[in-house]
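# Fold and contact review
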Amino acid sequence: MYLSYNIKGFWKVLYMHLSMAAMFIPHLIHPRGHNEGDDPSFTQPGMYRAVNAHPGTPAFYTSNHLEPTLATELEDTIADYKQQLNKDLDAADSYQPPVRMLQNQWIGIEPAPPTITNWDTGCTIELMKFVGGKSVQIPEGKTIHSRLMKAHVQDRTESVAKGTSLNWATAEALAIGTLLCQGFSVRLSGQDVGRGTFSHRHVMLVDQATNETFIPLNNITPDQSCFLEVANSLLSEEGVMGFEYGFSTESPKNLVIWEAQFGDFFNGAQLILDTFISSGEDKWQLQSGLVMLLPHGVDGMGPEHSSCRMERFLQCSSSDHDQSSGDNVNWHIVNPTTPAQYFHLLRRQMIRNFRKPLVVVAPKILLRHPRAVSSLSDMAPGTTFQHVFTDVTVDPKSVKRVIFCSGKHYYTLDEYRNKNGVNDLAIIRLECLCPFPSGYLHQQLTKFSGAKEFIWAQEEAQNMGAWSFVEPLFRRKLGVELLYRGRRAAAVPATGVKKVHDNEVVQLVEELFRSKQ
């Protein structure tokens, strides 16, 4: 404390001794306000009376410290500089800045088209079987957990060999492995992503004897040149997502995936989403193929971690309500319902000739849902991501009502329909929400032209989910007035009582199937 006071006293005496009072103001930079309409004298009148009375630093030094000849030379220099600035200003109207976008390693990548495009993202069955086997091949001398030998290694080996009943994690491994074989590197980042929040992925295994980690997909072939990097990150979403966004803009040959531990964890990185990911291409012509996996689902597990707040991402999209939306929207938002769809989405990020951020409303219970499985034929050559799934289980001529939905809610509705023998109702799944697939939906309306009632069904509350996004699009682009069937508007995404949740599901489904115009 004594030293601190003496230091302060020293500077005070020195200041007074050197008589620098007249020099104090010229050496400071004084803000003139936060914007053109601001006036700092509102809150600092004394300071700014002194500032405004001062002639300014250049004039002060010219009149007090420069010889007359130097002062004249300085005035000439200032005049020449102002003249050059005026020339540059006149030239600005005709100036064409050099093209910096899509150069160097980005050559071959193009701006996204204003239409929705399809890409053949299938692979040969032989390659998928080979990659599937390699994804669970344990190196000699390594010992993994006994439970994983059965639930992970043996089950995947059998399903890949049969080519059926492939779950979500298997489809993901096939997508990543085949991309590695095609010359693309993959980076997977997030909390516990090696294992997976729901203990479903296990792309990074741990030797039970030595505690060492290893990644089977990095040993597909002896001469492998592209690899999977797994980064189990801290719970610091803003910093991690910002890094992954930057990583994704470095090269179009890197598939960068960030997975939230639960979908609502993105809210810790809202600044990165708003300032960079959703708007970076419009502001800086900077393409990014970042994939964001946001686990979502109202499953009776409470208000937190139930919703990825897809409504916020949809609201931030540049999807046009009056014109047809294409792949050139600022980011793509999908809600896939099968492993094959997820497989195609990941591969599409690298196969197509442009890059767009991809928001995946990712599953939780569908990871192990007995009906949410795919076959290798769903991912074979000639197959692609389906923007809309039609209903092939009903006769189009007998359909009186059409239900549109997105995500896992489809399985709840279809189960009730089958259980109760309802045969005059079709269920259409929107796998892609943005860009809005109006052309594909028009085909469905033509197919079920006899329908008199059109419903949007969702498990989320009315002020959440996709309702507020799709309703005006159906009305303005397709001329369809949708009825809403879902939970009422609420302040929280879900109830915290499992029994209440179960009763809500029963009530929602029964009300929907009783729906009449």
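Calculation criteria
- Residues numbered from 1 in each chain as written.
- Predicted model: local features only at pLDDT ≥ 70, side-chain atom pairs only at ≥ 80, totals over all residues.
- Heavy atoms only, no water.
- Phe/Tyr/Trp six-rings, centres within 6.5 Å; stacked < 30°, edge-to-face > 60°.
- Lys NZ or Arg CZ within 6 Å of the ring centre and 35° of its normal.
- Pairing = 2+ DSSP bridges.
- Helix = DSSP H or I, 4+ residues; strand = E, 2+ residues; numbered from the N terminus.
- Patch = residues over 30% accessible without salt bridge, like charges linked within 9 Å, V, L, I, M, F, W, Y side chains within 5 Å.
- Areas by Shrake-Rupley, 256 points an atom, 1.4 Å probe, with all protein chains shown as cover.
- Salt bridge = Lys/Arg side-chain N within 4 Å of Asp/Glu carboxyl O.
- Lys, Arg positive; Asp, Glu negative; His and termini not counted.
- Charge placed at Lys NZ, Arg CZ, Asp CG, Glu CD.
- Disulfide = S-S within 2.5 Å.
- Buried < 20%, exposed > 50% of the residue type's maximum accessible area, 1.4 Å probe, protein only.
- Arc of directions from axis to C-beta.
- Contact = heavy atoms within 4.5 Å.
- Axes fitted to C-alpha atoms, helices over the stretch in contact; angles between N-to-C directions.
- Parallel < 35°, antiparallel > 145°, perpendicular 65-115°, else oblique.
- Nonpolar A, V, L, I, M, F, W, Y, C, P; charged D, E, K, R; others polar.

## Digging into the packing of aromatic side chains
Counting across every chain of the model gives 14 aromatic pairs. Among the aromatic residues, those joined into a ring-pair cluster are Phe198, Phe262 and Phe265. Over the ring of Phe247 we find Arg187; its NZ or CZ atom is 5.2 Å from the centre of that ring. The ring of Phe184 is capped by Lys253, whose NZ or CZ atom sits 4.5 Å from the centre of that ring.

## A short note on the sheet that holds strand 11 (residues 425-430)
Overall, mixed pairing links the five strands, which are arranged 9-11-10-13-14 in an open sheet. This sheet does not close on itself; its edge strands, each paired only once, are strand 9 (388-389) and strand 14 (483-487). Bridge analysis of strand 13 (residues 453-461) against strand 14 gives four bridges, and the strand direction is parallel. Its bridge partner lying in strand 14, Ile455 is registered against Leu483.

## Some details on a negative patch on the surface
On the surface, a cluster of negative charge is made up of Glu73, Glu75, Asp76 and Asp80. Checked against the element boundaries, Asp80 lands in helix 5 (residues 68-91).

## A look at the state of the cysteines
Following the criterion strictly, the structure yields zero disulfides and no others. Here Cys181 stays unpaired: no disulfide links it, and the sulfur of Cys123, its closest cysteine neighbor, is 8.7 Å away. This cysteine, Cys432, is not joined by any disulfide, and Cys434 carries the nearest cysteine sulfur, 6.9 Å off. On the accessibility criterion, Cys432 (2% relative accessible area) is buried.

## Regarding unusual backbone geometry
Following Cys434, the chain continues into Pro435 via a peptide bond in cis, with omega recorded as 5°. Structurally, Pro435 can be placed in the loop between strand 12 (432-434) and helix 15 (438-447). The residue Leu102 is not glycine, and still its phi comes out positive at about 55°. By relative accessible area, which is 15% here, Leu102 ends up buried. Despite not being glycine, Asn104 shows a phi value in the positive range, around 55°. Note on Asn104: relative accessible area 61%, which makes it exposed.

## Quick notes on helix 10 (residues 270-277)
When we look at burial in helix 10, the residues that qualify are Ile272, Leu273 and Ile277. Angular distribution of buried residues about the axis of helix 10 spans 100°; they occupy a single face of the element. Next to the buried residues of helix 10 lie helix 9 (237-248), helix 11 (280-284), strand 6 (291-295) and helix 12 (310-315).

## Brief notes about the packing of helix 6 (residues 125-134) against helix 7 (residues 146-162)
Two numbers describe how helix 6 lies on helix 7: the axes approach to 9 Å, and their chain directions differ by 175°. Taken as axis vectors, helix 6 and helix 7 run roughly antiparallel relative to one another. Every residue of helix 7 that contacts helix 6 at Met128, Lys129 and Gly132 is listed here: Arg156, Val160 and Ala161. Per-class residue counts for the contact of helix 6 with helix 7 are three nonpolar, one polar and two charged.

On their own, these measurements won't tell you what the molecule is for.
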